[in-house]
Amino acid sequence: MAQSWGSFFYSLLDYKTEKFVIAKNKRVGVLFRLFQLGVIGYLIGWVFLWKKGYQEREEAIQSSVFTKLKGVALTNSTDLGLQVWGAEDYVIPSQGDRVFFIVTNYLETPNQRLGFCAESPKVPDGLCSSSADCTEGETVTAGHGVKTGRCMNETATCEIHGWCPVERSHTPSEPLLGEAKNFTIYIKNFIRFPKFEFSKSNVLSTANKSYLKTCYYDKDHHPYCPIFRVGDMVHWTGHNFQEMAVKGGSIGVVIDWNCDLDKDYSKCNPEYSFTRLDTSKHSTNSITSGYNFRFARYYRDADGQTYRSLYKVYGIRFDIMVNGQAGKFNIIPTVVNIGSGLALMGAGVFVCDMILLYMMSTSSFYRERKFEPIGKRERRPRDMKHGRHHRHAQDGHHRKEDKTAAEKQPLTPASSPSAHSPAKQPVAADSSLKPHSLERRPQPTVILHRSPERKAMSPVSSSRIPCSPLK
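Here goes a summary of the coordinates provided. These numbers come from a predicted model, not from an experiment.

Conventions we followed
- Residues numbered from 1 in each chain as written.
- Predicted model: local features only at pLDDT ≥ 70, side-chain atom pairs only at ≥ 80, totals over all residues.
- Heavy atoms only, no water.
- Phe/Tyr/Trp six-rings, centres within 6.5 Å; stacked < 30°, edge-to-face > 60°.
- Lys NZ or Arg CZ within 6 Å of the ring centre and 35° of its normal.
- Salt bridge = Lys/Arg side-chain N within 4 Å of Asp/Glu carboxyl O.
- Helix = DSSP H or I, 4+ residues; strand = E, 2+ residues; numbered from the N terminus.
- Buried < 20%, exposed > 50% of the residue type's maximum accessible area, 1.4 Å probe, protein only.
- Core = buried A, V, L, I, M, F, W, Y, C linked by side-chain atoms within 4.5 Å.
- Contact = heavy atoms within 4.5 Å.
- Axes fitted to C-alpha atoms, helices over the stretch in contact; angles between N-to-C directions.
- Parallel < 35°, antiparallel > 145°, perpendicular 65-115°, else oblique.
- Left-handed = near helix turned anticlockwise from the far one by under 90°.
- Nonpolar A, V, L, I, M, F, W, Y, C, P; charged D, E, K, R; others polar.

### Considering the packing of aromatic side chains
Counted by the stated rule, this structure contains 23 aromatic pairs. Centre to centre, the rings of Phe293 and Phe295 are 6.4 Å apart; their planes meet at 40°, and the pair counts as tilted. Among the aromatic residues, those joined into a cluster by ring pairs are Trp85, Phe101, Tyr106, Tyr291, Phe293, Phe295 and Tyr311. A cation over a ring is seen here: Lys200 above Tyr265, with NZ or CZ 4.7 Å from the ring centre. The side chain of Arg297 reaches across the aromatic face of Tyr311, ending 5.1 Å from its centre.

### With respect to the pattern of salt bridges
Counted according to the given criterion, the structure contains 10 salt bridges. When the shortest N-O distance is used, the salt bridge between Asp125 and Lys147 registers 3.8 Å. Within this pair, whereas Asp125 is found in the loop between strand S6 (99–118) and strand S7 (145–152), its partner Lys147 is found in strand S7, the two being separated by 22 residues in sequence. Since its relative accessible area comes to 4%, Lys147 is described here as buried. Between Asp319 and Arg317 there is a salt bridge, with its nearest N and O atoms 3.1 Å apart. Here Asp319 falls in the buried class, since its relative accessible area comes to 13%. Here the residues in one salt-bridge network are Asp125, Glu138 and Lys147, joined through shared partners.

### Topic: the nonpolar core
Membership of the largest hydrophobic core comes to 46 residues, with the highest contact counts inside it found for Tyr90, Ile102, Ile185 and Phe318. Of the residues forming this core, the biggest block, seven residues, is contributed by strand S15 (residues 306–329). Beyond its immediate sequence surroundings of up to four residues, Ile185 is in contact with Lys68, Leu69, Phe100, Ile102, Pro226, Ile227, Phe228, Val230, Met233 and Phe318. Membership of the second largest hydrophobic core comes to seven residues, among which are Val28, Phe32, Leu356 and Met360.

### So, the packing of helix H2 (residues 26–50) against helix H7 (residues 331–358)
H7 packs onto H2 with a crossing angle of 160° between their chain directions and a minimal axis gap of 10 Å. Accordingly, the angle class assigned to the pair H2 and H7 is roughly antiparallel. The two elements H2 and H7 cross, and the hand of that crossing is right-handed. Facing H2, whose interface residues are Val28, Leu31, Phe32, Phe35, Gln36, Val39, Ile40, Tyr42, Leu43, Val47 and Phe48, H7 presents Thr334, Asn337, Ile338, Gly341, Leu344, Met345, Ala347, Gly348, Val349, Cys352, Ile355 and Leu356. Considered class by class, the residues forming the contact of H2 with H7 number 18 nonpolar, five polar and no charged.

Following this line, the structure appears as structure tokens:
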């Protein structure tokens, strides 16, 4: 066990390097090329052309919105008679903001004064059968005042102290301000991308002063006009204005700024979209749909007594939301996306290797060719054969050089044998001599070969025994 763990830890120190093996397998080759084409198509088509991966992006848009409404409506009711509504009456808040409300219907309870009256029968906590059910000083939950301790038999409700008479609570059937569909909303929007020092407005830059007084937004004919009809905005959400005006609702106006700053300044323009937020198309009759709230207007009579008119108003709430992003060419995201694409190609190599090495019937054959362990001192037979051949060639070359040098050595009288001098005895091997000195000394056979008296001399024995002088 210890040896196996030791082998495992030692194997962690091994270094693996790539070895390129050309596998003549058409199926894996086709799969690999298809994967490469897919990665290249994704990188060029999706990353660079569609997502503009070569650009530096900024989504921290800074924006400011101003709104202004115009329009007049005339109402005629049995209780109130004729009444003219201007923008200062039906727009809340009147100064204009990115969130505002337009009144389309209302219920008015006029001339309310502080006093004592019966609670509304539509308030569950105000119902009673005796005075014991009306605790004095207790407020009516979701009601209009404070209980006095008396039960009013005529209405079967508790008597309260509050603004009397209590609010009318019937549901309207027709919008009183049906002409609100012709009201106009002027939306002025300024945006800025601080990273690129780029700013623009949704108002068309023109010297024609009458342009904003005559144009209305149309996606095809007037896409740069910032004036919208209320009825058109409701229609673009897929709903009917008259139905929505009865109980009110909420509309989201989204202004998108998607700017390619590599193009001309005029190419950066807003895109508008409209959505109903308080309900969906499949639940228009839900009790949660619609929008209303209450407010009161206070007056004083000739005697200095305060009275008020209570309004329960229905209408359309507009929420203007500004989104945007800008992009401009930058070398850093370009290099990063190219590197990511190249790394993704490596995944194709990995997948094809797994198929080739582990999922095919001939996987063992490919593994033997791809993985080759090499030790530190291990030499391949081919390299050893090449080394021996190199050494033999060097030795032969040295011997050839020594032989050539010896042949070119000039003959001296001392070295030339004659009839009057004894033949030169062969030199015995001496271990004290250096190898290169022995190799450089002329051999007797070479001298005999060069001598002109070679035919008169007897052959010299190759033995190391000294020869006697010639007689």
